[in-house]
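Topology and contacts: notes
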Amino acid sequence: MKYTTIIFDLDGTLLNTLADLAAATNYALAEHKLPQRTTDEVRLFVGNGIRKLIERAVPADTPAELQEEVFASFNRYYKQHYADSTSPYEGVPQLLQQLRAAGCRTAIVSNKADYGVQALAKQYFDGRLDAACGERAGIAKKPAPDMLLAIMRQLKAEPASTIYIGDSDTDLDTARNAGVPCIGACWGFRGRAFLEAHGAKLLAENAGDIWKLIK
């Protein structure tokens, strides 16, 4: 194997979480009598953590105090409904199994709140991951390299044998900042054209393509 440490983004890469993120966003907005957002709008809002999602979803003139209340409403709802409609993308569970069987270490690095990352990783990929890290206090979120580098240190991984996989410009920038290559997941929330426009050199149309690129 060319790469022996394979680190993934979560939302839009391993799991299609969009419907549940949109539902939680609109629940929080409705609770505070703010305009609803379409699923396609939410698709463009995600990728930089929940706080940034809410900041993008509320009207531009929303006071900071109200934004905090919407943020709290989102978290309260999402903690109970994080997997109502979420599912792995086709071929992802099998890919993780292949990687483990080949002796690779696998992990998640995501800007999703850590409570969501840990719950989803356990529910859908239990026993198929060596580590998982979401947004938490004390460590800079993506595109800063800190989370990715922390997981690499935890797994004793060298940059030359590590590759990161994600579906957004944030993921491309994170890998670049950490000094590791990145595979763009074309099935995710942004799509192939977006990834190419943001400098992606390696692209995968499906989970099987990732296996081929890693080998």
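Just above sits the structure.
What counts and how
- Residues numbered from 1 in each chain as written.
- Predicted model: local features only at pLDDT ≥ 70, side-chain atom pairs only at ≥ 80, totals over all residues.
- Heavy atoms only, no water.
- Pairing = 2+ DSSP bridges.
- Helix = DSSP H or I, 4+ residues; strand = E, 2+ residues; numbered from the N terminus.
- Axes fitted to C-alpha atoms, helices over the stretch in contact; angles between N-to-C directions.
- Contact = heavy atoms within 4.5 Å.
- Polar contact = N/O pair within 3.5 Å; in protein donor to acceptor, adjacent residues only side chain to side chain.
- Buried < 20%, exposed > 50% of the residue type's maximum accessible area, 1.4 Å probe, protein only.
- Right-handed = clockwise from strand over helix to strand, strands pointing away.
- Core = buried A, V, L, I, M, F, W, Y, C linked by side-chain atoms within 4.5 Å.

**Some remarks on the sheet that holds strand S4 (residues 105–113)**
As summarised here, the arrangement of the six strands in space is S5-S4-S1-S6-S7-S8, forming an open sheet in which the pairing is parallel. Of all strands in the sheet, those bounded by a partner on one side alone are strand S5 (131–135) and strand S8 (202–204). For this sheet the average axis-to-axis angle between neighbouring strands, irrespective of direction, equals 20°. In this sheet, S5 lies alongside S4 in parallel orientation, the contact comprising four bridges. Counterpart to isoleucine 108 in the pairing with S5 is alanine 132. Docked against the sheet, helix H5 (residues 92–101) engages strand S1 (5–8) and S4, running at close to 155° with respect to S1.

**Considerations on the side chain of aspartate 171**
Structurally, the position occupied by aspartate 171 is in helix H8 (residues 169–178). Reaching out from aspartate 171, the side chain makes a polar contact with the backbone nitrogen of aspartate 167 at a distance of 3.0 Å. In terms of polar contacts, aspartate 171 uses its side chain to reach the side chain of serine 168, at 3.1 Å. Ignoring any residue separated from it by four or fewer positions in sequence, one finds aspartate 171 in contact with Asp9, Lys142, Tyr164, Gly166 and Cys182.

**Some details on the pairing of S5**
For S5, the tally of buried residues reaches four of five residues, placing the bulk of the element in the interior. Running through helix H6 (residues 114–125), the crossover from S4 to the neighbouring parallel element S5 is right-handed.

**A short note on the nonpolar core**
Ranked by internal contacts, the top residues of the largest apolar core, which has 54 residues, are Ile6, Phe74, Phe125 and Ile214. When residues in this core are grouped by element, the largest group, six residues, is from helix H1 (residues 18–31). Beyond its immediate chain neighbours, meaning those up to four positions away, phenylalanine 125 contacts Leu10, Leu14, Leu15, Pro88, Val92, Leu96 and Leu120. Among the nonpolar cores identified, the runner-up in size contains 21 residues, and Cys133, Ala175, Ala178 and Cys182 belong to it.

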